[in-house]
Amino acid sequence: MSNELFISSTQKGERIALLQDKRLIEYHFDNAESHFAVGDIYLGTVKKVVSGLNAAFIDIGYEKDAFLHYHDLSPNIKSLNAYTKGILNKKPFSTKLKGFKLQPQIDKLGKITDVLTKGQPILVQVVKEPISSKGPRLSCDISIAGRYVVLVPFANAVNISKKITSKQERQRLHKLLYSVKPDNFGVIVRTVAENKDIQELQRDLEECIEKWEAGIRALKSAKSRDRIVTEMDRAASLLRDMLNDDFDNIVVDDKENHDKISSFLQSIAPEKAKILKYHNSTKSKLYEQYGIEKQLKSCFGKSVSLPSGGYLIIEHTEALHVIDVNSGNKSTKEEDQEATAINVNKEAAKEIARQLRLRDMGGIVVVDFIDMKKAQNRREINDVLKAEMKGDRSKYTILPITKFGLAQITRQRVRPEMNIITKEKCPTCSGTGNIQASIAVTDTIENNLEHLMEKQNESGVSMILHPFIYAYYKEGLISRQMKWLMKYKKWIKLTKDSSLGVTDFHFINSHGEEIELN
């Protein structure tokens, strides 16, 4: 299995695509100005305590107050509150919690009114980003994630990932981490820590402690709504959580981002630094060259095709997601309808597992498979779906397929669903149905280019074009691009971009900024 990560930088943020065996399985957009990301720690203020919900609403700076349920308070909330209050009151508490006396744990079935009061400052961590009309969801079970371990302040236990099944290895990790962890800190050992030596584990633990200490130093002078600890960006967190021997390619098209990721790889996995590559081609954009743009356009949208000719219809509502499986005009050599249904449903199950991860769909998902009469066949499809979803990092539950062919899936949702508009609106007519004749677009380009070259005396100009127009200017023994060189004595770089409309184009100056045309 081959994993590849492609990171393309734009003015609004980073586009991150994860490919498995050349097939797109995850896509993220990391907004450069995003706040309230999962993992961020804030100093909030209790705005309202609602005993009927056994929850509180916390002001952390979002337009709507964030939600904090009693079950998300953490058993050690009294210790956290006492420490936070002491730090804000300038008490000389150690950032490493040395000498700090832990408070008694709270009752699992208690009331939130016994723990929180209106106006109280509180340290909280985002566990679910703002989705739709809802504000962020919070937790007071503070944790700092590293590559091999997760640091949990105000606790003392060492817990090992359930995916590490070897009893001997579990005992080894438990003994090692217990011997190096500081007092008043708990540790959760991640799956990737299996068979790692003590030096790597200790270095990762120390980095988590340094991150916690930096946050506490910021807390000393913080005001309400301030972000105390910032979770690393999406690309780095993906590498931290997923980087393994299967990764053989990481491609970045921004030099600054390349250097940052190179430094990060050197710190977490120096042996993997060599797989990082810098894409600086002027002929085509990163996503164009590796065929990712085409995959994005074909994978998102209401209808998704299956290899055999069947297709999925994906509908989204406020309450749940519905996926309908259709056989389409599939012509097969199967003997009967049951055999046809099984084959289409198998393909659908594989694609559904991919779509859930790709679009980051969460909550309740109902899948209407093609009807199958035999219970054995329904179990077979259910097994295929479970097998395909094993690689999903989100928590999920799959119920058996009913006799009506319905499968019910719940999947953890911590971020807004990823969606890409696949229907293109005409860049000229804005959907009215009338556009400038496409044959005339080259005249418009020529006129604008002449104005930029001769009137404004621009240099280092490049153009971004639809692939059809790009090919037009490149064709011939002496291409039109070469004729421009002879006419203006300057080389005009051309870049193709299939996300543009056929009549759309952009001129870019030597500083990489778009030139506004009259």
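Values in this document were obtained by computation on a predicted structure and should not be read as measured data. (Residues numbered from 1 in each chain as written. Predicted model: local features only at pLDDT ≥ 70, side-chain atom pairs only at ≥ 80, totals over all residues. Heavy atoms only, no water.)

A. Highlighting the overall build of the protein chain. Across its full length, the protein chain holds 12 helices and 24 strands. Dimensions of the protein chain along its principal axes, counting C-alpha atoms only, are 80 × 70 × 50 Å. The long-range share in the protein chain, meaning contacts at least 24 apart out of those at least 6 apart in sequence, stands at 68%. Charge centroids of the protein chain, computed over 79 positive and 68 negative side chains, lie 4 Å from each other. (Helix = DSSP H or I, 4+ residues; strand = E, 2+ residues; numbered from the N terminus. Contact = heavy atoms within 4.5 Å. Lys, Arg positive; Asp, Glu negative; His and termini not counted. Charge placed at Lys NZ, Arg CZ, Asp CG, Glu CD.)

B. Expanded view of the pattern of salt bridges. Using the criterion set out here, one finds 20 salt bridges in the structure. A salt bridge links Arg393 to Glu26, with the shortest nitrogen-to-oxygen separation between them at 3.0 Å. You can see Arg393 sitting in the loop between α9 (375–388) and β20 (396–398) and its partner Glu26 sitting in strand β3 (residues 23–31), a full 367 residues away along the chain. On the accessibility criterion, Arg393 (42% relative accessible area) is partly exposed. Under the relative-accessibility criterion, Glu26 is labelled buried at 3%. For Asp360, the salt bridge identified is with Arg411, shortest N-O distance 3.0 Å. Here Arg411 lies in strand β21 (residues 406–411) and Asp360 lies in the loop between α8 (337–359) and β19 (363–368), a separation of 51 residues in the sequence. Its relative accessible area of 5% is what places Arg411 among the buried residues. (Salt bridge = Lys/Arg side-chain N within 4 Å of Asp/Glu carboxyl O. Buried < 20%, exposed > 50% of the residue type's maximum accessible area, 1.4 Å probe, protein only.)

C. Molecular detail of the sheet that holds strand β10 (residues 149–153). If you trace the 4 strands from one edge of the open sheet to the other, you get β9-β10-β12-β11, paired in mixed fashion. The sheet is open, and its two edges are formed by β9 (144–145) and β11 (158–160), each paired on a single side. Examined bridge by bridge, β9 and β10 share 2 bridges and lie antiparallel to one another. Its bridge partner lying in β10, Ile144 is registered against Leu151. (Pairing = 2+ DSSP bridges.)

D. Geometry of helix α10 (residues 441–455). Taking 1.5 Å per residue, 15 residues should reach 21 Å; α10 reaches 21 Å between its end C-alpha atoms and fits that length. The complete set of buried residues in α10 reads Val441, Thr442, Ile445, Asn448, Leu449, Leu452 and Met453. The arc that holds the buried residues of α10, viewed along the axis, is 130°, so those residues lie on one side. Along α10, exposed side chains directed more than 90 degrees from the buried face belong to Asn447 and Lys455. Against the buried residues of α10 lie β22 (462–465), α11 (467–474), α12 (480–488) and β24 (505–508). Once α10 finishes, Asn457 follows within two positions and takes phi at roughly 50°, a positive value. (Expected span 1.5 Å × (residues − 1). Arc of directions from axis to C-beta.)

Remember, this is a structural readout, not a statement about activity or role.
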